2 protein chains.
Amino acid sequence: MDSSSLPILQPYVDRLQAQMLDDLCTTMPHLTELYQYYVRLHSKRLRPVLILLMAHATNGLGSAWSTKEHPQGTDEDDTCCIDHCGLANVILPGQLKLAEVIEMIHVASLMHDDVIDESPLRRGAPSAPARFGNRESILGGDFLLGRAVMLSASLGDLEVMSEVAGVLSTLVEGELLQAQKGVKSTGDVGTSDWDAYLDKTYMKTASLFARALRCTVILGGATKSDPLREIATEFGSQLGMAFQIIDDILDFTGGDAMGKPVGADVELGLATAPILFALEEDDKMQPLIDRRFRDPGDVQQAIQIVKDTNALARSRTLASVYAQKAYDALGSLPASPAKTVLQCLAMGVITRDH
Amino acid sequence: MDSSSLPILQPYVDRLQAQMLDDLCTTMPHLTELYQYYVRLHSKRLRPVLILLMAHATNGLGSAWSTKEHPQGTDEDDTCCIDHCGLANVILPGQLKLAEVIEMIHVASLMHDDVIDESPLRRGAPSAPARFGNRESILGGDFLLGRAVMLSASLGDLEVMSEVAGVLSTLVEGELLQAQKGVKSTGDVGTSDWDAYLDKTYMKTASLFARALRCTVILGGATKSDPLREIATEFGSQLGMAFQIIDDILDFTGGDAMGKPVGADVELGLATAPILFALEEDDKMQPLIDRRFRDPGDVQQAIQIVKDTNALARSRTLASVYAQKAYDALGSLPASPAKTVLQCLAMGVITRDH
């Protein structure tokens, strides 16, 4: 999943990282430190990598491409179009900027989440609030959001701008939905719990993937009726669901590899896929969910029930269904190295361990 | 300063409030409560009122107006164009939406500020974090920002979009500048303190006024070379400076009228205009500034020094200079009721007591 496994993209990822630190450059040294800390240490860079791969896999195919070769790239410098592995000139400057915008929004949401959840760790190192304090983390997140909106406005495409605004808005609504489940005093068990979980998963994770990849092909020249838009959106949406469900499984199995304690989501009172599958096999989960795992020993008992049932295997199967749909979504794209890597990524999500 | 003193605008302000609560409508009842709490109780609605007045005072004057009568209003419903006091059809739907966007950004910044500053009170009532908790206040602010960006994208004007992004970005940079002064261990006294204070004041307050009013005339049809753009920007910028300096004075004199304890800014370690003027007359202020008023009795001593010197009067004079510049900025506009109200507002800022 790491960009290191995708040497084809390394030059872009390097450039992206440099450009991002450059765009976040501020005259305030302690802030620069905060961004560098998150941007360098705390991100898998999955989202920008997906954008770059989708650009590789689809640029040139769009219906507008033949008449307008480089839609967002003509008036900017084109030094990011690096000839690598024979894939020359295929990532447009606007797409690289989009990757930056999406990563900034993602990192901002991590900073705010860590304040809200009072998380001491993020990928094995102290979280931003633990290291820099709540004030810096809230402001740092706000600053990233501000810069992301500025950058996306500079792309000069109102449709992309609206999608980016939608990313921001939906991300927060997902977090709010999660918080709302949190304040619910007793659970309406059954379908509604699953609905809420899947809605939250779409809003907190999959929607960003879907919109980011849709924007990638829009910037690549896919007009409104171009099927590329639907392909990119579907791939992102299904991959995002698979990715988040695996993330929720790793809360039970990840441990050190995740850089945070096992059961951190349970500690937050969240009923994710493994909990909901376990509930279907063991009624003892119900009172724990109802009191949000708050009594002493609840978290450990919930983890044990999950491990004693088929909950993890069933969660993995659910993630596989989404991953397969993501894989299939790209079926009609012509063969290319980037398409292959995207499809491998989709299937690889299922076996990731961090 | 309150909209109640401007009956001419009441129908617009009522509509704005209804529209805002409508646009923030969510399926999450506790969140709706949070927004209503801030939107209804905690805002003077100064920013939207200024936008509506500027629209009144300038619509029809822009260079693009004669050729394109209602630039942003043609494809939307025009029920907001209320005939009132003979000023028919002069506020465009896009301008009303802009007022909403700017107020949402302002309210979001209040919510985050109250978390960051750990403020128990906002305008005499419990602040959002005090009443709803930090989690809800951070997420609530993020949600408002997301909705504001969505709404501004729907205005369909990339230039306005960029300005709104700039508002967001600069607001946070101002807050960060203030926080940075906070972590500075010893003060470089003199000019640099004033520079930092005036920069922070511009970024935290005046920039939003300036950009919001610039967007108002852009939406009203002022093309790039139209002097209306400069007039609106200058008025907003100067008024914003005056407004914030008076706000800083009220920290020493406001008390109950401000709905927060006297010296709240000093408690936060901030060296505002009254503190900096007092320092020019009394060296005893220096060590207090250097240790950010942290020792027991520091805040009370600082307030006393401010009161014993001419600091408040000199601060008021400084605010008057900015207010006068705001007044003068509108000099070349043709006479109109809205122009008069704007100019009265500028001079009225000096005497406001809450």
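Presented here is an overview of the structure given in this document. Just so it is clear, the model here is predicted, and its values are computed rather than measured.

**Side note on the overall build of chain A**
Within chain A, the secondary structure is distributed over 15 helices and 2 strands. Scored against the burial criterion, the 354 residues of chain A give a buried share of 63%. Here the contacts in chain A between residues at least 6 apart in sequence split such that 75% fall between residues at least 24 apart. Roughly 13,000 Å² of accessible area belongs to chain A as shown, and the carbon and sulfur atoms make up 52% of that amount.

**Looking at the side chain of Asp265 of chain B**
Looking at the secondary structure, you find Asp265 of chain B in helix α10 (residues 264-267). Not counting residues within four places of it along the chain, the set of residues in contact with Asp265 of chain B comprises Asp248, Asp251, Lys260 and Leu270 of chain B.

**Details of the pattern of salt bridges**
In total, this model carries 24 salt bridges over all chains according to the counting rule given. Residues Arg147 of chain A and Glu173 of chain B are paired through a salt bridge, measuring 3.5 Å at the closest nitrogen-oxygen approach. In this pair, Arg147 of chain A sits in helix α6 (residues 134-153) while Glu173 of chain B sits in helix α7 (residues 158-183), so the two residues belong to two different chains. Accessibility classification places Arg147 of chain A together with Glu173 of chain B in one group, the buried group. Here Arg291 of chain B and Asp298 of chain B are joined by a salt bridge, their closest N and O atoms 2.7 Å apart. Taking relative accessible area as the criterion, Arg291 of chain B reaches 32% and is therefore assigned partly exposed. When its relative accessible area of 2% is taken as the criterion, Asp298 of chain B is described as buried. Residues joined by salt bridges that share partners form a network here, namely Asp113, Glu175 and Lys204 of chain A.

**A closer look at helix α14 (residues 311-329) of chain A**
All names here are of chain A. With 19 residues, α14 extends 27 Å between its outermost C-alpha atoms, agreeing within 8% with the 27 Å of an ideal straight helix rising 1.5 Å per residue. By the burial criterion, the buried members of α14 are Ala311, Leu312, Ser315, Ala319, Tyr322, Ala323, Ala326 and Ala329. Burial along α14 is one-sided: seen end-on, the buried residues are contained in an arc of 105 degrees.

Reading the values: rules and limits
- Sequence order as written defines residue numbering, which begins from 1 separately in each chain.
- For naming, the first written chain is A and the first written ligand is 1, with later ones following in the order written.
- Totals for whole chains, interfaces and linings use every residue, but because this is a predicted model, local features are given only for residues with pLDDT of at least 70 and side-chain atom pairs only at 80 or more, for both listing and counting.
- Note that water and hydrogens are dropped before the side-chain values are worked out from all heavy atoms of the structure.
- Numbering goes from the N terminus for both helices and strands, where a helix is a DSSP run of H or I of at least four residues and a strand is a run of E of at least two.
- Between buried and exposed lies partly exposed: a residue is buried under 20% and exposed over 50% of the maximum accessible area for its type, with that area taken using a 1.4 Å probe on protein chains only.
- Note on contacts: a residue pair is in contact if any heavy atoms of the two residues lie within 4.5 Å.
- Each accessible area is a Shrake-Rupley result for a 1.4 Å probe, and residues are judged covered by the shown protein chains and nothing else.
- The rule for a salt bridge is simple: a side-chain nitrogen of Lys or Arg has to be within 4 Å of a carboxyl oxygen of Asp or Glu.
- What a helix should span is 1.5 Å times the count of its residues minus one.
- As used here, the arc belongs to the directions running from the helix axis to the C-beta atoms.

Any functional reading would require information beyond the geometric quantities listed.
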